[in-house]
Every structure is written in C-alpha cells, then in structure tokens.
Amino acid sequence: MPADGVTVRNSLTPRAAAELVPDGATLMIGGFMGVGTPNRMIDALVARGVRDLTVIANDTARPGVGIGKLISAGAVSRAIVSHIGTNPETQRAMLAGAIEVTLVPQGTLAERVRAGGSGLGGVLTATGLGTVVAEGKTVVKIGGREFLVEEALRATVALVAARSADYAGNLVYSLTARNFNPLMAMAADTVIAEPNEIVPVGVLAPDVIHTPGVLIDHVVERPLPL
Amino acid sequence: MPADGVTVRNSLTPRAAAELVPDGATLMIGGFMGVGTPNRMIDALVARGVRDLTVIANDTARPGVGIGKLISAGAVSRAIVSHIGTNPETQRAMLAGAIEVTLVPQGTLAERVRAGGSGLGGVLTATGLGTVVAEGKTVVKIGGREFLVEEALRATVALVAARSADYAGNLVYSLTARNFNPLMAMAADTVIAEPNEIVPVGVLAPDVIHTPGVLIDHVVERPLPL
Amino acid sequence: MDFRDRIARRVARELQDNTLVNLGIGLPTLVARCVPPGLRVYFQSENGIIGFGARPPEGMEDIHLTDAGGAFVSALPGAAAFDSAMSFALIRGGHLDMTVLGGLQVDRHGRLANWMIPGQLIPGMGGAMDLVGGARRVIVAMTHTQKGTPKIVPDLTLPATSLRPATLIVTEMAVIEPGPDGLILRERAPGVSIDAVRRATAADLLVAGDIPEMEF
Amino acid sequence: MDFRDRIARRVARELQDNTLVNLGIGLPTLVARCVPPGLRVYFQSENGIIGFGARPPEGMEDIHLTDAGGAFVSALPGAAAFDSAMSFALIRGGHLDMTVLGGLQVDRHGRLANWMIPGQLIPGMGGAMDLVGGARRVIVAMTHTQKGTPKIVPDLTLPATSLRPATLIVTEMAVIEPGPDGLILRERAPGVSIDAVRRATAADLLVAGDIPEMEF
C-alpha cells in the first residue's frame, strides 16, 4: 500500500482474468470492429475453452479479430449486438440457430448499457418505433410524442480495454477505441480492465480520467515488452 | 478562416451574449453553488435588466453569487433546481409566490437535462418513488421494479462556463466546475460558452475535450487581462 | 468517373458550410473525398469522433483510430473523441445536420430499408435506425436498381429502418425528394430520360415541369 | 469533544477499507476527519469528484474545486473528476458503498425526512433522494432531538426523502438499526441509560439483552 493510502487494484495475468469469467456468464466486451477490444483477455478466454457465453458488445468484429475469435471458438451462445455484418461466421451461426442473436440499434444499445450502470430502469427512445425493434415493447407517451421503453442491460463481467491505467484503476481511452468501454465499466458485477500501459497514481490528471478507478475491480498486467 | 478549414466560433462580449437571452426565455445555467457558473454573462444579464426567466440549474447559489445575482435582481420567475437552501432570497420569494420553484432530485435533474440533449424522451428512475416528487407522474414497471418517468428538459439558451475553449468551441472543464455544464451544452437551442482562456485549435487534444465544439454556438471573448 | 463516384459527388453538393455530417459505411464514405473547396464540414464517425480525416500516411496508422467501417483514418486539428453514448446523443439529439446512408429499398413515402434481408443477409442495423431518426437531413445514396430490379418501390418488402422518410434520394439515375404526396423527381442523370427513370422505379414518381440534369 | 464530533467519530467506525463514501453537508462532513488510520476510503462529492481531500493551504485554494457544501477542498493523488450525470450514475448505479446524511426525522421503519419543513424551511432535496435510494449503506447522522423534541418518530410528519429505510442511525445518545420489526437499539452513549434513550425517542425501540456503550 502506498503511503498516501490509495487503494491499489490487483494486477492479473490475462489467464487469471479469464478464470473470473464463468461458463454461462453474461459478458460485456468493449470495442467497435475490434478497435478498443481487450484482446489479451479474449485470447485467454479462448485458450481456457469458455462456453455458453451471452456476449453484449457492439459487434462481433471479423473472424480472427477480437470478439470474432470467441465466435469462431464456439464460445458464444447468445449475442446482444448492433451489427454482425462484418462477421459471416456469426451470420451463419445465427441462421443455423447455433447462436441466438438479438440485434439492437447502436444508440439504444449504448444507452441500455449506460442505464444498467447508472441505476436507471431503461431508456426512452424513439429509435425503432414502428419497426421490428418495437415488437412486444412498452410505448410511453411524453409531450405528445411516443417513446419505446428499452430495458437496462447488466452483465456478470465486463472486459474493457484502455490506453492507460494507473495503480488505482483509473482509466484513459484513446480516440475511437473508447466507444463502449466506459459504459460497460459501469454495468457489470465484476469489471476487468486491460490497459496498454500502467502508470503511477497521479500521472493521470483528474480532468482527463474517463473511468474512475472505483469502478474497476481488476487490472490486467502490462503487456510484455517486445 | 484558418487554412485547415476549421470553423471558428463567433466571439462575443458578455453584453452581446446577454442580448441573445430574450425576456421570458428558458435558460439553463451551469454551476454548483456558483462554482462553474458563467459569471460574466450573468453580470451582463443583470445589467441589461432581463426579466421573467425560467432558470434550470442545480441551485441558486447565494445572494450576490452566480445565479443568486439573477434572483436578487428579480429576473427569475420560475426555477427548476435541486436545492435552494443556501439562498434565503430564493426561499423567501418562493414562499411569497414571487418565484415558482420546482424542486427536482439532483440526479434526476442531471439525467433530465442529459435526456433533453440526447433525443431521449425522459428518464426512468426509482428516485422519488413514494415521495411528493412522484405525484402526478407515470410509473413504468421493468423487470418487476417500478420506475418514475421523468420528462426530458430543454432550454432556449444554455450558458456554460469552461476552463478552456479553442477557436472551434471545443471545451475543457476544471474539476468540480464541470458539474452540469457539459449536459446543458447539449440541451438548448443556443449554447454560449464562457471560458477562462481561449487557445488555438489543436491545443486541446481530442481525448481530453469534454464538449465537442459543434455543440457550441458562441464563445464569449477571453477575460480582460488584470 | 464510375457511377459510385457520380452519386457521391452529387450528394456532396448537398453539404452545407459549418455542419456536422455522418457518412454510412460503403458508398456514402466516398462523399468525404468530394467536399467542395472552402466548405467547412465536420465528419462524425459513430464509433466516437468528430473531425476525422483522410487515411494516414503508410506506416503511421493508429490502431485506435478508425472510421465506423473499421478503416484507418486520421484526425484533423480540433477533432474531439467521445464514447458511444455521447456519439448517439449527438445523433439522436438533433445535433447532426446530415447523414448519408446506403439503401436496400425506399418506399413511396421515402422510407428506407437498409439493414436486413430476412433469411438471407442480416448485417444488423448498427447505427442506421438512430441516424435516420435523429439527423436533420437524411440522404439515401444508392444504386437505382439491384441488378435491374427497382429498389424504389411502392411498399417496403424488407424491414424498415425507420418510419421517418428520407430527405433526399440520390442514385446514379436521378435525384428524388419524398414529399407529402409522394416521390418527386427533381433531377435526372445527364442523357437519362424521365421515362427511363420511371421504368427503373417501381413506385410512382411525381413529375412537374422541366426536370434538370444532375450536376456532379 | 462536542456531541457533533462524537457522532462523527462513531460514524467513522462504520467506514470500511477500499470503499467509496459520500458525506452530506453539515455534520456528516466531519466524518472525513475521523477516518481510522490505515483505512483507504475514497470520498465522493456529488458535484463531481472522487478523491477530494482536506482544505488546501491558505492562498492556494482553487475556485474550481469545492465540496458539495461549496467549501474549498483539495484533491488526492488518483482523484477523478466528472460531470453531474456521471456523479449520480455512480450514486444510483450501486457504485457507492456508503452515504452519511443529516436528518430532520426518522420513522419507525428507518425512513428519513431531511429536505423540507412545509411552509417554513425548504432547502430542497439536492442529492439526498438519489443518495438514500442508491447507496449500499445509508447512515443517518443527526442529533437525537431538536431542542428536546424527538426526531425519531412513529410516523414521519415531514415529507419523506425516500421509501428506502436507512441502514443505521447514529446520534449523540444512541446507535439504532432499523430492522423488519422496528427500530433496534444497538448502542447507547456512555452513561446514558436505556430509559433515557427511550424518553428521547418517540418511536418504539426494540431492546434485547445488554446494550453496549458507544465507542468513539
């Protein structure tokens, strides 16, 4: 424990992180077409042969890339995503009934995850009204306009990728690798961050931190030097 | 126009900014107990004698401080706030019927403003259930739990304070002066930012910007040097 | 100039100064290369950036900076990055001036279908439903037909992306504006007759007066 | 040690290692000064920071850094700042381990009223409703009576802050835990008899076995 009393997060190997994801878990994974996806943890999950996951993510990337590796490994039973167009394996598995895919408009997906992490019951959005997305859902009228009630989403574990972490788990993301990561970091019982670098506490200024360290349960160790 | 094609926002004097707030306007004002409140614009509003405002803000600060100056000047007819305990003038005016005060739980207020700026119809929160806050409001059941429907809020004009702006209107806030400012910067027809400093485009890195410049219509000129 | 470039260049004439624009994956992406000189347009990518620019120099790509199609991009001075919730708050909240999207079908009201062909192709809607519902102007940029089969139809046979009609439809054959009484033919491609456009269009077209030729 | 300090010190014994804690304005603020050595507690201030610290050195105050009461604070290494939506997402979303709030009244269920006295004093609820509804543990830190009038009552006569009962009530006279069957007297102040606590309490108190004295 440093003298200043800051709580230091546990650092984990990717393999130890993968042990924290039980078979059958609902798993949020950050990233957009593989950008900002925690790849070392995904490799470890594939290596440990995890099964029957419900994955909540923006997309399933491409075969061999990011979440696509979990799809190829047959580790995913259900996917709640906005897009599978770039991964023909996901499409095939969906049409064959091997993976149950729920397609959610991307902005609704982002807000549903945010709601799950923010103690909100759901989202009131006009997106999807009058389309198949609205089937079976409650509609609320506000100020004469209709809005769909889209329920909050939470997960057992969230795996997020960050550019930098400090010892206290504070995270900073880089450019379009931010995407769903800060939202998912709020919405799971256990949150594991995989940073590209780890810096001492105090290096990340309070105003540039995107995710406060209190939200992070574990930090994956720095990548091995080349 | 700079060679790189970036749109430069208009710089305004505080007085010119105040002219953009019509009498009777619904006005969002950033700040928390006066911290992070755009004081030069408030002074200009008082000087121009604006009347009949509906102010949406966290609080009314104290007499002589921030929004408290608008209260003292009799410029406010309605206030939608979470707290007036630090301003006895607001409390007196409320009890006397001179100002109509709607008290909103702070977290609900923040989300209602965010919803207004995000194209969401409102917020689904359990906060306020079973209290006077819930009176007359719709309740929606999600997953067996009840949530209040709290409607989105928007304004005619939002006045926000920032530590730094660049020529394109990108904003960075400082510490607890951030509070409601980034939320309000999304939720009004006209948004005017009052920065403590203005820096060239490119000085604020993409990952540290809190409010993208596209949300800002006008930037108040830098403060005069001492 | 192939037909895709012609569509992109015609769409680019719809760009206005000092606006925020989102370009869908595929054909719409080409519009970024056709911005008229002097026009200041901010491009948003829904994966979380405003102010992205052209492909970076060879060997200098940042793996953390791509467009929504996953292609490497650069960032212009003044660019701002944000998370997916903020990105769609911008889209849904009325902050996006224009979106350009591809289309599988458009109906007589101007309603778009562009996210799935049941039992066959199911890419998913991605950000399309939010974009069509939230952007101030929605431009559909697509080929007029799919291997000769009209894509502009009386009624959608594919699942709709949104009930909200598009603002404008730009194809290699015509510019069509959905109005309260139906689809209005505004422009035709150089050398393409009104009848030719009609033959390639399954929905009725309203034609009033002279129909000028498209300029690129 | 005055009664306010005693309440604060007793509340501080509820602090747990590696937790996020929010302290209300007034008496609860004093708890920050009583953190037991070796305990790592992050304090959140709902105006947008985790990791604020003591009052800064004279002349070095930052006007952009205050607690929720508007008092200047400092920031500890590892502090993080955020906007009000994120601040209440932390509170409402179950990320806050404990909150300490002042009280005007508490009823027999442990329900708190602390935001208005109709027609008389109307400060507003500020963040209190979200804090009571959202924090994992809710500690009410207040004087046992208001000028001799009991504040712990069978039924609230003031508007409730939340339907959710507090986890613990700490006064200068007693520690009381709301349970499913009513209010349980857990501790009494040194030298204060059970009868004395009962006389100062309008709601029934459940007393079982020995009631130990409070330690500060």
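Notes on the structure follow. (Residues numbered from 1 in each chain as written. Chains lettered and ligands numbered in written order. Predicted model: local features only at pLDDT ≥ 70, side-chain atom pairs only at ≥ 80, totals over all residues. Heavy atoms only, no water.)

A short note on the overall build of chain A
For step 1, the next point in the chain: On a plain count of helices and strands, chain A comes out with 6 helices and 12 strands.
For step 2, the next point in the chain: Taking 17 Å as the expected radius of gyration for a compact globule of 226 residues, we find that chain A reaches 18 Å, a close match to that expectation.
For step 3, the next point in the chain: Of the contacts made within chain A by residues no fewer than 6 positions apart, 70% connect residues no fewer than 24 positions apart.
For step 4, the next point in the chain: Surface accessibility of chain A: about 7,600 Å² in total, with carbon and sulfur atoms responsible for 51%. (Helix = DSSP H or I, 4+ residues; strand = E, 2+ residues; numbered from the N terminus. Rg over C-alpha atoms; globule rule 2.2 N^0.38 Å. Contact = heavy atoms within 4.5 Å. Areas by Shrake-Rupley, 256 points an atom, 1.4 Å probe, with all protein chains shown as cover.)

Thoughts on the pattern of salt bridges
Residue and element names in this part refer to chain A.
For step 1, the next point in the chain: A full pass over the atoms with the stated rule returns 38 salt bridges over all chains.
For step 2, the next point in the chain: Residue Asp 43 is joined to Lys 69 by a salt bridge in which the shortest nitrogen-to-oxygen separation is 2.8 Å. With Asp 43 in helix H2 (residues 39-48) and Lys 69 in helix H3 (residues 67-72), this residue pair connects regions lying 26 residues apart in the sequence. (Salt bridge = Lys/Arg side-chain N within 4 Å of Asp/Glu carboxyl O.)

Quick look at the environment of Ser 45 of chain C
Residue and element names in this part refer to chain C.
For step 1, the next point in the chain: As for its placement among the helices and strands, Ser 45 is situated in strand S2 (residues 41-45).
For step 2, the next point in the chain: For Ser 45, a relative accessible area of 3% gives the class buried.
For step 3, the next point in the chain: Separated by 20 residues in the primary sequence, Ser 45 and Ile 25 place their C-alpha atoms 9.9 Å from one another.
For step 4, the next point in the chain: In this view, Ser 45 contacts Asn 22, Phe 52, Thr 66, Asp 67, Ala 68 and Ser 87; residues no more than four positions away in its chain are not counted. (Buried < 20%, exposed > 50% of the residue type's maximum accessible area, 1.4 Å probe, protein only.)

Overview of a nonpolar patch on the surface
For step 1, the next point in the chain: Taken together, the side chains of Val 8, Tyr 167 and Ile 198 of chain A make up a nonpolar region of the molecular surface, amounting to roughly 230 Å² of accessible area.
For step 2, the next point in the chain: With respect to the secondary-structure elements, Ile 198 of chain A resides in strand S11 (residues 188-199). (Patch = residues over 30% accessible without salt bridge, like charges linked within 9 Å, V, L, I, M, F, W, Y side chains within 5 Å.)

Describing helix H4 (residues 88-95) of chain A
Residues and elements named next belong to chain A.
For step 1, the next point in the chain: The complete set of buried residues in H4 reads Thr 90, Gln 91 and Ala 93. The buried residues of H4 all sit within an arc of 165 degrees when viewed along its axis, so they share a single face.
For step 2, the next point in the chain: Residues of H4 that are buried make contact with H3 and strand S5 (100-103).
For step 3, the next point in the chain: Residue Asn 87 occupies the N-cap position of H4, its side-chain oxygen lying 2.9 Å from the main-chain nitrogen of Glu 89.
For step 4, the next point in the chain: Just past H4, the residue Gly 97 takes up positive phi, approximately 80 degrees. (Arc of directions from axis to C-beta. Polar contact = N/O pair within 3.5 Å; in protein donor to acceptor, adjacent residues only side chain to side chain.)

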